[in-house]
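Residue-level structure breakdown
If you want the building blocks of each chain, they are given just below.
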Amino acid sequence: MFLHNFIYALKILCKNKVLIFWTFAFPIILGTLFNLAFSNISNSEKLDVIDIAVAGENINSNFKESIDILSNKDNSDKLFNTKYVTLNEAKKLLDDEKIVGYIYNEKIVVKKSGIEQTIFKYVVDEINSKINMSSSIFQAEISKEIENGNYNINYELINKKVNDQLNTKVSLNDTSNKNLDYVMIEFYTLIAMACLYGSLLSMTCLNNIMPNMSNEGKRLSISKTKKVSLILSNLCASYLVQLVGLLILFTYTIFALHVNYGSNLIYIILLSLAGSLAGLSLGVVVSIKFKVGENAKIGILIGIVMFWCFLSGMMGITMKYIVDKNIPILNKINPANMITDGFYSLYYYDTLDRYLLNVISLIVFSLLLLVISILNLRRQKYDSI
Amino acid sequence: MKKVIEVNNLTKEYKGVKAVDDLSFDVNEGEILGLLGPNGSGKSTTINSILSLLNYKSGNIKIFGKKMDTNAYDIKSKIGVVFQDVAVFDELTVYENIDYFCGLYITDKNKRKQYVSDALDLVGLKEFTKFRPKQLSGGLLRRLNIACGIAHKPKLIFLDEPTVAVDPQSRNNILDGIKKLRDNGATIVYTTHYMEEVEILCDRVIIIDKGKIIATGTVDELKNLSNIKEKVTVEVLDLSDKYIEEIMSLKNVDSVIYQNNELFVTYKKGKNNIVEMIDYFKNKRINYSKIFVERPTLNDVFLELTGKELRD
Ligand SMILES: Nc1ncnc2c1ncn2[C@@H]1O[C@H](COP(=O)(O)OP(=O)(O)O)[C@@H](O)[C@H]1O
Ligand SMILES: [Mg+2]
């Protein structure tokens, strides 16, 4: 009985053109568009060095060192053309559009928003976070020594310790050309979108089998199939279709668009499974909690998913940057960002802490939504149908 | 006679408004029971309550002698339902739709093939197996809807207004099919607001209005409930008031209405009252174009019992 329902649920999903468009075709089309847009950038602007200025006198030496490395003309990945000027000079340079932006008190000032400005922001942000991290580790090490009663502090040793820790904890993208792979994030949001569009599949499946949502659901409900078997077979079918769609998208982005997801296949699969589960549960909740027609539910889901993807940087990484900086909680509870950030951390960091946090968040998110829906799913009789 | 369904004191409210009001009736094995009532009288609500799809306020429902509930799977396995609204998957072909729903009951593949083929035969959709529902006309779609509900050869079948908005050819096909199902041993509950269907199809009829039973019996028994026993209609031009008064005082005549050159005369008793009417017109040398006699319809019965027409 399970198998019979499962097979027919698959057939019904696969022949639904609207669903197949959104879950299979749309991500691929969008990916292709991204690729067109970004290949222009990488041909022209990517190789361009960004003109910036550093204003003021008291510049943190660590900070200056990092900027200098990125501005070194011997560096093949030279990113910045850096001038050291006074604040007024910097302002004038910016006004005359001689520079993209300047750094003052370790903060950046730009006038417009655009790809160059975004890269500038992003890199400076990373430098700052690295410096912050090293100084806090440094302080922690020193207070540890003092607690141990050791007042004769060997700074060189601590310095080495800090560097070791930094290297194991986070290997930031320093001067490697990963700096410029920020476009990867856009493709990661694409995967996030595809995962979450799986919600369309699970929503449709539930609509098809619930007696209060469709006539077909009435017919299935009065049959001798147990409700739990009906629900599970349908959700399994929707999950399977979703994963097949994702597999196609991965294949396409890896081989045709040369997107790099890092090298650990198991982790990529785990993250995809968790992300798809989040999509599935989103569909379940929307199907049950919104008392509107199926097309309206499709609209609601597309709206929610696109908004989440937008916040996590799909239409420009600046958005993710702004949200992460100003309202971090928004992206902490945003499943699109959990997926995007999961791939990002898999690719950028050698350690798994941040990746695992994202995977766990996704699973918690999914379970939470499923728990919310369980009462409605279990209901057998309805006040009105 | 064995009772297949026993409904006792069923009451169902939607947000405090009674849709079914203390309904009690039985359905006997092998009969076609008609639930006749106007739109909104509570027919669908009754069926959905019997099926345990709806929560109801109070009442007892037994099917095949056992209490009906959502998890009474042994009962459910012997029931087939054709809902009022078409319930098929647009993504599946005619054949796949029937096979899907039939397969929920019949797991054996060969047996199922036979059953699906029988269902296609019954509703006359053999040539349309590869069609999608969207490609079918309204009548054919209704037939598919029926096939999906009965393909597993259930012992008890509910049909909720299966002929709404279908062409006459499909209607006849559907009514014939339903008789065949009964002849093959199924018990059938048939709801409709078409009295003509009930008259040619049902062994027994329950007339409901506003969620209440207002009459029960065979079609003949119900017609006998009517005060009117015969109706004579005459098409005649420019009948003067003098004649109308005279007709009024003829034997057995109960009421006379003359409008649009048509004379309607009802009789409370007697048979062959038309003979006397023909004689009257002959004697007075009045020419008429047409004269015919009718027995009262269920609509007349309904009109007398409720003061309103069955169909509005
Ligand atoms: N879901 C519902 N919510 C509120 N009222 C309803 C609902 N379904 C039916 N009703 C009301 O219950 C009454 C009976 O409806 P229904 O059983 O559909 O009648 P029928 O099938 O005889 O046309 C009607 O007055 C209708 O308006
Ligand atoms: Mg109805």
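It should be emphasised that the depicted structure is a prediction, and the values quoted were computed from it without experimental measurement. (Residues numbered from 1 in each chain as written. Chains lettered and ligands numbered in written order. Predicted model: local features only at pLDDT ≥ 70, side-chain atom pairs only at ≥ 80, totals over all residues. Heavy atoms only, no water.)

A short note on helix H10 (residues 273–283) of chain B
Residue and element names in this part refer to chain B. Listing the buried residues of H10 in full gives Asn273, Ile274, Met277, Tyr280 and Phe281. For H10, the angular spread of the buried residues around the axis is 115 degrees, confining them to a single face. Every exposed residue of H10 that faces more than 90 degrees away from the buried side is listed here: Lys282 and Asn283. Looking at the buried positions of H10, the neighbouring elements they touch are strand S11 (230–235), helix H9 (241–248), strand S13 (262–267) and strand S14 (290–294). (Buried < 20%, exposed > 50% of the residue type's maximum accessible area, 1.4 Å probe, protein only. Helix = DSSP H or I, 4+ residues; strand = E, 2+ residues; numbered from the N terminus. Arc of directions from axis to C-beta. Contact = heavy atoms within 4.5 Å.)

Considering empty space enclosed by the protein
A full pass over the atoms with the stated rule returns seven cavities of 30 Å³ or more. Looking at the largest cavity, its volume works out to about 170 Å³. Among the elements of the structure, helix H8 (215–221) and helix H9 (227–255) of chain A together with helix H2 (73–76) of chain B are those that each provide at least two residues to the lining of the largest cavity. Looking at the lining of the largest cavity element by element, the count peaks at three residues for H9(A). Looking at the lining of the largest cavity residue by residue, the classes come out as 11 nonpolar, five polar and three charged. (1 Å grid on protein atoms, 1.4 Å probe; cavity = no way out; pocket = protein on both sides within 12 Å on 5 of 7 lines; lining within 4 Å. Points joined across faces, edges and corners; volume = space filled by probe spheres on them. Nonpolar A, V, L, I, M, F, W, Y, C, P; charged D, E, K, R; others polar.)

Focus: the layout of surface pockets
Residue and element names in this part refer to chain A. Its boundaries defined by the atoms lining it, the largest pocket holds a volume of some 930 Å³. Contributing to the lining of the largest pocket are 32 residues, with Asp125, Ser129, Asp324, Lys325 and Arg354 lying nearest its centre. Of all the secondary structure elements, the ones that give two or more residues to the lining of the largest pocket are strand S4 (107–110), helix H5 (115–147), helix H12 (317–326), helix H13 (328–332), helix H14 (335–348) and helix H15 (353–378). When residues of the lining of the largest pocket are assigned to their parent elements, the largest contribution, 10 residues, is made by H5. For the lining of the largest pocket, the residue count by class is 12 nonpolar, eight polar and 12 charged. Mapped onto the domain boundaries, the lining of the largest pocket takes at least three residues apiece from domain 1 (2–41 + 182–379) and domain 2 (47–166). (Domains from an automatic or database assignment.)

Digging into the pattern of salt bridges
Applying the stated criterion across every chain yields a total of 27 salt bridges over all chains. The closest approach of N and O atoms between Arg112(B) and Asp99(B), which form a salt bridge, is 2.8 Å. Within this pair, whereas Arg112(B) is found in helix H4 (residues 109–123), its partner Asp99(B) is found in helix H3 (residues 94–103), the two being separated by 13 residues in sequence. Accessibility expressed as a relative area gives 10% for Asp99(B), which makes it buried. Taken together, the shared-partner salt bridges in this structure form one network comprising Lys11(A), Lys15(A) and Glu96(B). (Salt bridge = Lys/Arg side-chain N within 4 Å of Asp/Glu carboxyl O.)

A few points about the coordination of the magnesium ion (ligand 2)
Taken together, Ser44(B) (OG) and Gln84(B) (OE1) make up the full set of protein donors to the magnesium ion (ligand 2), lying 2.0 to 2.1 Å away. Taken together, the residues span a long stretch of sequence, with Ser44(B) in helix H1 (residues 43–50) and Gln84(B) in the loop between strand S6 (79–82) and H3 at a distance of 40 residues. (Donors = N, O, S within 2.8 Å, 3.2 Å for Na, K, Ca; no water.)

Some words on the environment of Tyr190(B)
Residues and elements named next belong to chain B. Within the secondary structure, Tyr190 is located in strand S8 (residues 187–192). In the structure, Tyr190 is positioned 33 residues away from Ile157 in sequence and 8.3 Å away in space, judged by C-alpha atoms. Beyond its immediate sequence surroundings of up to four residues, Tyr190 is in contact with Ile32, Leu33, Gly34, Leu35, Leu159, Pro162, Thr163, Leu175, Ile178, Glu197 and Leu201. A polar contact is formed between the side chain of Tyr190 and the side chain of Glu197, at a distance of 2.7 Å. (Polar contact = N/O pair within 3.5 Å; in protein donor to acceptor, adjacent residues only side chain to side chain.)

Regarding the sheet that holds S14(B)
Residue and element names in this part refer to chain B. Strand order across the open sheet formed by four strands is S12-S13-S11-S14, with antiparallel pairing between neighbours. What marks the edges here is a single partner per strand, and that holds for strand S12 (253–259) and S14. In this sheet, adjacent strand axes meet at a mean angle of 15 degrees when their direction is disregarded. Taken together, the five bridges between S11 and S14 define a ladder with antiparallel strand orientation. In the strand pairing of S14, Thr233 is matched with Phe292. (Pairing = 2+ DSSP bridges. Axes fitted to C-alpha atoms, helices over the stretch in contact; angles between N-to-C directions.)

Structural notes on the domain arrangement of chain B
Where the parts come together, the accessible area they lose is often given as the size of the interface. Domain parsing of chain B yields domain 1 (3–223) and domain 2 (230–295). Relative placement of domain 1 of chain B and domain 2 of chain B: their C-alpha centres are 43 Å apart.

Thoughts on the sheet that holds strand S2 (residues 17–28) of chain B
All names here are of chain B. Sheet architecture is open: four strands sit in the order S2-S1-S4-S5, paired in antiparallel fashion. What marks the edges here is a single partner per strand, and that holds for S2 and strand S5 (66–67). In terms of strand pairing, strand S4 (residues 58–63) meets S5 through two bridges, oriented antiparallel. If you follow Ile63 over to S5, its bridge partner there is Lys66. Its contacts with the sheet put H1 on strand S1 (3–14), S2 and S4, and the angle it makes with S1 is roughly 115 degrees.

Focus on the nonpolar core
Grouped together as the largest cluster of nonpolar side chains are 94 residues, with contacts concentrated most on Ile5(B), Ile63(B), Ile79(B), Ile98(B), Phe158(B) and Ile188(B). Contacts of Ile98(B), omitting those with residues within four sequence positions, involve Val116(B), Ala119(B), Leu120(B), Leu144(B), Ala147(B), Cys148(B) and Ala151(B). Listed in part, the 66 residues of the second largest apolar core include Leu13(A), Tyr188(A), Phe250(A) and Trp308(A). (Core = buried A, V, L, I, M, F, W, Y, C linked by side-chain atoms within 4.5 Å.)

Considering the pairing of S4(A)
All names here are of chain A. Bridge count between strand S3 (residues 101–104) and S4: four bridges; the pairing is antiparallel. Bridge pairing in S4 places Tyr102 opposite Val109. If you look at the hairpin formed by S3 and S4, you'll find two residues sitting between the two strands, and Asn105 has a positive phi there, around 50 degrees.

Considering the packing of aromatic side chains
A full pass over the atoms with the stated rule returns 23 aromatic pairs over all chains. Ring plane angle 40 degrees and centroid distance 5.8 Å describe the contact between Tyr188(A) and Tyr261(A), whose orientation is recorded as tilted. Of this pair, Tyr188(A) sits in helix H7 (residues 183–209) while Tyr261(A) sits in the loop between H9 and helix H10 (265–289), and the two are 73 residues apart along the sequence. In this pair, the class of Tyr188(A) matches that of Tyr261(A), namely buried. With centroids separated by 5.9 Å and ring planes inclined at 35 degrees, the aromatic side chains of Phe89(B) and Tyr100(B) adopt a geometry described as tilted. Here Tyr100(B) lies in helix H3 and Phe89(B) lies in the loop between S6 and H3, a separation of 11 residues in the sequence. We note that Phe89(B), like Tyr100(B), is buried. Three or more aromatic residues joined by ring pairs make a cluster, and in this case those are Tyr188(A), Phe250(A), Tyr261(A), Phe343(A) and Tyr347(A). (Phe/Tyr/Trp six-rings, centres within 6.5 Å; stacked < 30°, edge-to-face > 60°.)

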